[in-house]
Amino acid sequence: MPGTTEIGGLLGALRAIVARALEASLVVLAVATAVFFALRLLPGDPAALVLGDHASEADRARVRASLGLDAPLGLQYLRFLGGLASLDLGPSLRRPALSALGMVGRALGPTSALAGLAVLLAAGIGIGAALQSVGPWLGARRVWVSRATELVAAVPLLAVAPVLTYLLAARARLVPLPGDPDSGVAGLAFASALLAVPLAAQLARVGRAALEDTARLPFLTVAAAKGGTPARVWLLHALPVSLGPLVVVIATQLGALLGGAVVLERLFERAGLGTLILEAYASRDLPVLEGAIVASGALFVASQMLAAAAHAAVDPRVRS
Amino acid sequence: MVLCLLPLVVLATLAVLLGLGASAPPGRLDPAAAFGGPSALHPLGAGEAGIDLAAMVSAATLRGLALAISVALVGFVVGTPLGAAAALARGSFERFVARACDLLQAFPTFLFAMAVLSAVRHPTRLSLGVVFASTAWAPFARLALQQTAVLRGSAFVEAAFALGAGRARVVFLHLVPNLLGVVAVQLGSSAAAVLLGEAALSFVGFGPEDGVSLGQLLDQGVVAMLRDPSILVLGAVAITAASASLLVAGRAFAAGQAASRARPT
């Protein structure tokens, strides 16, 4: 009875999706809990953090009341979780006219664009380099592709990004500074390209190893024997089989990518989650700080789930 | 194998010599000399508010290397027995440790550090070290867990249990010595990651209060980019050299592992 198995498969898929979503929300809850208790249990009065050491007791009491810090800790925690669930953490301390989560929402866009475009660029460049380093197109010169990849992988983004910015944006003026609000697509592309460099190098290394493994399998010999051109053999036959490890690399590097995005936003003074966290930290704007950190955790978990779904889509062997 | 440690030794020696030759401690301000080029008093020039760049780069490199190496060693010492014990216990403890490693390794360390440090009013190098160490054990535990899963069925483990050894004895006396070679390979990349993490955190403003860090140096370089790009180059070169020397030093252990594998048993 094919109908029954179809329903069973559908139920299984549904169960897997629910389990994933449950696990993802647990991770976000853990992040929120860690941030909440770190800001309240570590030594130091949050009101003193906000106002500085020399504020009067009356001012501190006012800030404590506006943050709800005079309530018992358990009640504060429940209010905080309720605020997250209803997407309302109250107004920002520094700019009382704006809601904290509204500011976080506006910062989420630029950071997602930066990280998303970086993943796409890195996938393109990395897979291209991996194909060039195993395919027949470059002949003996292809070892230089993998040597260059090793070299690029050893140079940290933190050191390379400011130097490239100086050379390309400040001296040669080939690209606009991505922090300039008028820099538009070119600025975004430049920042994403910088962020993509380490990931591309990593993808090229892993992609080369995966393609070399695939190249030993007999079906590629068959494809070549049937008269397939090298491009057809590598792109149509070898590449799809080797995509699995590449998706895994992207998933494991997403955390580093978000960290890199914060560094680049600070370097370019570009709007985004990282800039918002740093500003909120400097001015001790607790509602914004909590919201921004939980939002970046959620962004990370969501992209992780996307990567897992992509992995299942390209490699049927991991579907269970 | 010893050759792999050479870049690290050379870099540290250079930093010590540069620090000994410096005219002022790294924090001394000399506003009149701010952003001045190299002179007899300041061999590498002076940075923001006239700090001596030679003293700064020397102290920042040495402190960064010390932090990175100690955090990697703490992770190694904590993670290896933990992973071995988890794989030996099997069942839910093994699953729990494996899942915790997955989560910690995938979660952005940088974000985690920012979340914790935002609660500390004056972060010190020690608080940075504690934050990094709280996640640094995960890759070591992961490797130890995988390797112990292979070893736990072998005859010497069975023999130790048969002779009446307890779990702790088997982990520390029988399993851990057999894991060292495999797990130590992680030391270099862990240390390099901590070095870069500390530099990145102080670059964005979460660094130690004393301001002596490679990230701070890089930040000054960015501020003074158009006036004097040499500070930027100095910072970038110092960060690259420090992280690369740690990575290369880590290979000493990989080479040792290959040698012990090749030895006939």
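From a predicted model like this one, the values you see are computed outputs, not experimental measurements.

A. Up close: the interface of chain A and chain B. Each partner contributes residues to the interface: chain A has 38 residues there, and chain B has 34 residues. Taking both partners together, chain A and chain B bury about 3100 Å²; carbon and sulfur atoms supply 76% of that area. The tally of links from chain A across to chain B stands at 2 salt bridges. For Arg99 of chain B, the salt bridge is made with Glu23 of chain A, and the minimal N-O distance between the two is 2.1 Å. Linking chain A to chain B there are 2 residue pairs in polar contact (both at pLDDT 80 or more). Of all the secondary-structure elements, those providing two or more residues to the side of chain A that touches chain B are helix 1 (2-41), helix 2 (46-51), helix 7 (157-171), helix 10 (230-268), helix 11 (273-282) and helix 12 (286-314) of chain A. A per-element tally of the side of chain A that touches chain B places helix 10 of chain A first, with 7 residues. Across the side of chain A that touches chain B, the residue classes break down as 28 nonpolar, 6 polar and 4 charged.

B. Spatial organisation of the packing of helix 5 (residues 125-151) of chain B against helix 8 (residues 186-204) of chain B. All names here are of chain B. For the pair helix 5 and helix 8, interaxial distance at closest approach is 11 Å and the crossing angle is 150°. Classified by the angle their axes make, helix 5 and helix 8 are roughly antiparallel. The hand of the helix 5/helix 8 crossing is right-handed. For the pair helix 5 and helix 8, contact is made by Arg125, Leu128, Phe132, Pro139, Phe140 and Leu143 and by Gln186, Leu187, Ser190, Val194, Gly197, Glu198 and Leu201, respectively. Counted by class, the contact of helix 5 with helix 8 contains 8 nonpolar, 3 polar and 2 charged residues.

C. Summary view of the packing of aromatic side chains. In the structure shown here, the tally under the stated rule is 7 aromatic pairs over all chains. With a centroid separation of 5.3 Å and an interplanar angle of 55°, the aromatic rings of Phe36 of chain A and Tyr77 of chain A are classed as tilted. Here Phe36 of chain A is found in helix 1, whereas its partner Tyr77 of chain A is found in helix 4 (residues 73-85), with 41 residues between them in sequence. For Tyr77 of chain A, a relative accessible area of 17% translates into the label buried. Members of the aromatic cluster, each reached through a chain of ring pairs, are Phe36, Phe37, Tyr77 and Phe80 of chain A. Here Arg266 of chain A stacks its cationic end above the ring of Phe203 of chain B, 5.4 Å away from the centre of that ring.

D. Broad picture of the pattern of salt bridges. Inspection of every chain in the model, using the stated rule, returns 7 salt bridges over all chains. A salt bridge links Asp213 of chain A to Arg216 of chain A, with the shortest nitrogen-to-oxygen separation between them at 3.1 Å. Judged by its relative accessible area of 48%, Asp213 of chain A falls in the partly exposed class. Put simply, Arg152 of chain B and Glu94 of chain B hold a salt bridge, and the shortest N to O gap is 3.4 Å. Pair noted here: Arg152 of chain B is in the loop between helix 5 and helix 6 (155-162) and Glu94 of chain B is in helix 3 (residues 91-106), with a separation of 58 residues, a long-range link.

E. A look at the domain arrangement of chain A. All names here are of chain A. For chain A, the assigned domains are domain 1 (4-85) and domain 2 (105-318). For the pair domain 1 and domain 2, the two sides together bury roughly 1300 Å², of which 84% comes from carbon and sulfur. Counting the contacts that link domain 1 with domain 2 gives 0 salt bridges. Our count for the contact surface shared by domain 1 and domain 2 stands at 0 residue pairs in polar contact (both at pLDDT 80 or more). Broken down by secondary-structure element, the contributors of at least two residues to the side of domain 1 that touches domain 2 are helix 1, helix 2 and helix 4. The element that contributes the greatest number of residues to the side of domain 1 that touches domain 2 is helix 1, accounting for 10 residues. In terms of residue class, the side of domain 1 that touches domain 2 is built from 14 nonpolar, no polar and 2 charged.

F. Summary view of the nonpolar core. Formed by 148 residues in total, the largest nonpolar core has its most connected members in Met114 and Leu201 of chain B. Per-element accounting of this core gives the leading share, 16 residues, to helix 10 of chain A. In terms of domain composition, this core takes at least three residues from each of domain 1 (4-85) and domain 2 (105-318) of chain A. Among residues more than four places away in sequence, those in contact with Met114 of chain B are Val262, Ile277 and Leu278 of chain A together with Leu201 and Phe206 of chain B. Counting 8 residues, the second largest nonpolar core, distinct from the first, contains Ala86, Val97, Cys101 and Ala141 of chain B.

Thresholds applied
- Residues numbered from 1 in each chain as written.
- Chains lettered and ligands numbered in written order.
- Predicted model: local features only at pLDDT ≥ 70, side-chain atom pairs only at ≥ 80, totals over all residues.
- Heavy atoms only, no water.
- Contact = heavy atoms within 4.5 Å.
- Buried area = accessible area lost by both parts, 1.4 Å probe.
- Salt bridge = Lys/Arg side-chain N within 4 Å of Asp/Glu carboxyl O.
- Polar contact = N/O pair within 3.5 Å; in protein donor to acceptor, adjacent residues only side chain to side chain.
- Helix = DSSP H or I, 4+ residues; strand = E, 2+ residues; numbered from the N terminus.
- Nonpolar A, V, L, I, M, F, W, Y, C, P; charged D, E, K, R; others polar.
- Axes fitted to C-alpha atoms, helices over the stretch in contact; angles between N-to-C directions.
- Parallel < 35°, antiparallel > 145°, perpendicular 65-115°, else oblique.
- Left-handed = near helix turned anticlockwise from the far one by under 90°.
- Phe/Tyr/Trp six-rings, centres within 6.5 Å; stacked < 30°, edge-to-face > 60°.
- Buried < 20%, exposed > 50% of the residue type's maximum accessible area, 1.4 Å probe, protein only.
- Lys NZ or Arg CZ within 6 Å of the ring centre and 35° of its normal.
- Domains from an automatic or database assignment.
- Core = buried A, V, L, I, M, F, W, Y, C linked by side-chain atoms within 4.5 Å.

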